[in-house]
Amino acid sequence: MDFDAAREIMVDSQIRPNDVTDAPIVSAFLRTPREAFVPNSRKSVAYSELEIVTSPGRALWIARDTAKLVKLAGIKPSDIVLVIGAGAGYEAALISHLSETVIALEETTELVDAMSARFASLNLDRAVAVEGKIDTGLPDQAPFDVIYVCGMVETVPEAWTAQLADGGRLVAVVTEREGLGRGTVFTKAGDTVSARDGFDAWPPRFAQFDRKQSFVF
């Protein structure tokens, strides 16, 4: 299979038509081999318009949703970025072409070691994989200019927004109603965090951030 050709087709059919035409973002997608981040049995559909499970609870989103969330983040070349729930590391790899440094946070040694090996094989020296609890982020390495969340969430922990630099942005798809979310950017200004939504999406969710059900008689 010609993965280079498939990557160009993905960009031309799934990303550009969905209002993501920024040259740096398009270039990042063209430079990042999606097939390197999926199981061997799924490489033939790596560039199809579908989500691909990469490990339990982790999946690659369709390219359109990833591209629009990256655009919403407004990543600059000088930014330090934290990717939460990085999974196989595809989003971190993309972002490494747009930022100064990207830290990919995952909860198991297995996922972190696999990401580190992928980053090394692709010569991504601006990306580093780190192990830790995703619900707490990385407070010892904060503040971050951008925090990128790789799963749909119902709630955004205060621990995450507390780790934003002044003017920093957190981007996530936040559940609006069952099965549907909105790509949202949270921007920190002083002690205030404001939210602005940008697009509809329904990617795989992080169930651990569902709202706790209250007891009702």
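Relevant structure appears above.
All figures in this text were calculated on a predicted structure; none of them were measured in a lab.

**What about the pairing of strand E6 (residues 144-149)?**
Item 1. By the criterion of burial, E6 is predominantly enclosed, with five of the six residues buried.
Item 2. Across four bridges, strand E3 (residues 80-84) lies against E6 in parallel orientation. Within E6, the position partnered with Leu82 by the bridge is Ile147.
Item 3. Pairing of E6 with strand E7 (residues 164-177), which is carried by four bridges, proceeds in the parallel orientation. Paired with Phe144 across the bridge in E7 is Leu164.

**What about the side chain of Gln14?**
Item 1. Here Gln14 shows up in helix H1 (residues 3-15).
Item 2. On the basis of relative accessibility, which here comes to 5%, the residue Gln14 falls in the buried class.
Item 3. A polar side-chain atom of Gln14 sits 2.9 Å from the main-chain carbonyl oxygen of Tyr47.
Item 4. Once residues lying within four places of it in the same chain are set aside, the contact partners of Gln14 are Ile9, Tyr47, Ser48, Glu49, Ala63 and Arg64.

Basis of the calculations
Residues numbered from 1 in each chain as written. Predicted model: local features only at pLDDT ≥ 70, side-chain atom pairs only at ≥ 80, totals over all residues. Heavy atoms only, no water. Buried < 20%, exposed > 50% of the residue type's maximum accessible area, 1.4 Å probe, protein only. Helix = DSSP H or I, 4+ residues; strand = E, 2+ residues; numbered from the N terminus. Pairing = 2+ DSSP bridges. Polar contact = N/O pair within 3.5 Å; in protein donor to acceptor, adjacent residues only side chain to side chain. Contact = heavy atoms within 4.5 Å.

Fair warning: the whole summary comes from geometry, so function is off the table for now.
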